[in-house]
Amino acid sequence: MIAALYVETGGCYFGLPDVDPWDEARDARLYAGPWPVVAHPPCQRWGRFWHGSTRKPHQFKLGDDGGCFHAALDAVRKWGGVIEHPAHSKAFDKFGILKPKPGDGWQFDSATHVWVCHVEQGHYGHSSRKGTWLIACGMQRADLPELNWSKGEQRLPQWMVDRYGYEKARRIGVVAMVGGKDKTRIRNATPEPFRDVLLSIARSAALW
């Protein structure tokens, strides 16, 4: 059994026979084992716009996520598994975790005793490239899967380039342009092939 923490209600982790999903209502900060975890702690307060909208800057504090990332890190260290967070997440600086280099595969952080990597979810079904940093704990290097470490091609429909020019289209991004009111949901959603990768990592956890 794998515990899926901080997941969307009714999302891709629901309905699987060997997965125990923890959505917002269950409050994944309360997870007390005993199974390995796949954790998707909220990223809004750790990303590029951690402070809030550019129209209302500094309405939030950096890392003010109610302790979700900290709890996820504690869970993966105690029970084994993997954390998914956006590439360049400021949580890595806050918690002293090695920031993985693109293209270098799995890298061991000897200071925190976790494995980290940079991978793009676009190789696994996401509509955008979606650079992602993973933290894995509770396994040896041989247990970790080889992923597609390459940099994906920029995914910009020609109509976007024709209408807005390349630079503006690139800044806006595919998801923001075509997602409409659902763009946040589309951006945050985990594609099923990537979900399966994360579950396989968690299943390999065998803590010493």
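Up top is the structure.
(A) Representation of the overall build of the chain. A count of helices and strands for the chain gives seven helices and seven strands. Counted from the first residue to the last, the chain has its helices and strands arranged as β-β-β-α-β-α-β-β-β-α-α-α-α-α. Every one of the 208 residues in the chain was classed for burial, and the buried ones make up 46%. Taking contacts inside the chain between residues at least 6 apart in sequence as the whole, the part at least 24 apart equals 58%.

(B) A look at helix α1 (residues 68-79). Between its terminal C-alpha atoms α1 stretches 16 Å, which fits the 16 Å expected from 12 residues at 1.5 Å a residue. What α1 keeps buried is the set Cys68, Phe69, Ala72, Leu73, Ala75 and Val76. For α1, the angular spread of buried residues about the axis comes to 160°, placing them on one side. Tucked into the core, α1 has its buried residues touching β1 (2-5), β3 (37-39), β4 (81-86), α2 (91-94) and β7 (131-137). One or two steps after α1, the chain reaches Gly80, where phi turns positive at roughly 85°.

(C) Focus on the nonpolar core. Counting residues in hydrophobic clusters, the biggest one holds 26 residues, and the most contacted among them are Tyr13, Val38, Trp106, Leu134, Leu147 and Ile201. Elements with a minimum of two residues in this core: β1, β6 (114-120), β7 and α7 (192-203). The element that contributes the greatest number of residues to this core is α7, accounting for six residues. Beyond its immediate chain neighbours, meaning those up to four positions away, Trp106 contacts Trp115, Val116, Cys117, Leu134, Ala136, Arg141, Leu144, Pro145, Leu147, Trp149 and Ile201.

(D) Structural view of the pattern of salt bridges. This structure, assessed with the given rule, holds seven salt bridges. Linking Arg203 and Asp18 is a salt bridge whose minimum nitrogen-to-oxygen distance equals 2.8 Å. Taken together, the residues span a long stretch of sequence, with Arg203 in helix α7 and Asp18 in the loop between β1 and β2 (19-22) at a distance of 185 residues. Judged by its relative accessible area of 44%, Arg203 is partly exposed.

(E) A look at the pairing of β7. β7 sits mainly inside the fold: six of its seven residues count as buried. In the sheet, β4 pairs with β7 via six bridges, with the strands oriented antiparallel. Bridge pairing links His85 to Trp133 in β7. Bridge count between β6 and β7: six bridges; the pairing is antiparallel. Residue Val119 lies in a different strand from β7, and its bridge partner there is Thr132.

(F) Just the sheet that holds strand β5 (residues 107-109), in detail. Spatially, the seven strands line up as an open sheet ordered β2-β1-β3-β4-β7-β6-β5, and their pairing is mixed. At either margin of the open sheet sits one strand with a lone partner, and together these are β2 and β5. Taking the axes of each pair of neighbouring strands and ignoring which way they run, one obtains an average angle of 20° across the sheet. Sitting on the sheet, α1 touches β1, β3, β4 and β7, and the angle it makes with β4 is about 155°.

(G) A look at the side chain of Gln121. Relative to the elements of secondary structure, Gln121 occurs in the loop between β6 and β7. Setting aside residues no more than four positions away along its own chain, Gln121 makes contact with Glu84, His126, Ser128, Arg129, Lys130, Thr132, Ala189, Thr190, Pro191 and Phe194.

(H) Examining the pairing of β6 more closely. Summarising burial for β6: seven of the seven residues are buried, a large majority. In β6, alternate side chains face the same way, and those of Val114, Val116, His118 and Glu120 on one face and Trp115, Cys117 and Val119 on the other are all buried. Both β5 and β6 contribute to a ladder of three bridges, which runs antiparallel. Within the sheet, the bridge partner assigned to Asp109 lies in β6 and is Val114. The hairpin formed by β5 and β6 contains four residues between the paired strands, and His113 there has a positive phi angle of roughly 60°.

Rules used in this analysis
Residues numbered from 1 in each chain as written. Predicted model: local features only at pLDDT ≥ 70, side-chain atom pairs only at ≥ 80, totals over all residues. Heavy atoms only, no water. Helix = DSSP H or I, 4+ residues; strand = E, 2+ residues; numbered from the N terminus. Buried < 20%, exposed > 50% of the residue type's maximum accessible area, 1.4 Å probe, protein only. Contact = heavy atoms within 4.5 Å. Expected span 1.5 Å × (residues − 1). Arc of directions from axis to C-beta. Core = buried A, V, L, I, M, F, W, Y, C linked by side-chain atoms within 4.5 Å. Salt bridge = Lys/Arg side-chain N within 4 Å of Asp/Glu carboxyl O. Pairing = 2+ DSSP bridges. Axes fitted to C-alpha atoms, helices over the stretch in contact; angles between N-to-C directions.

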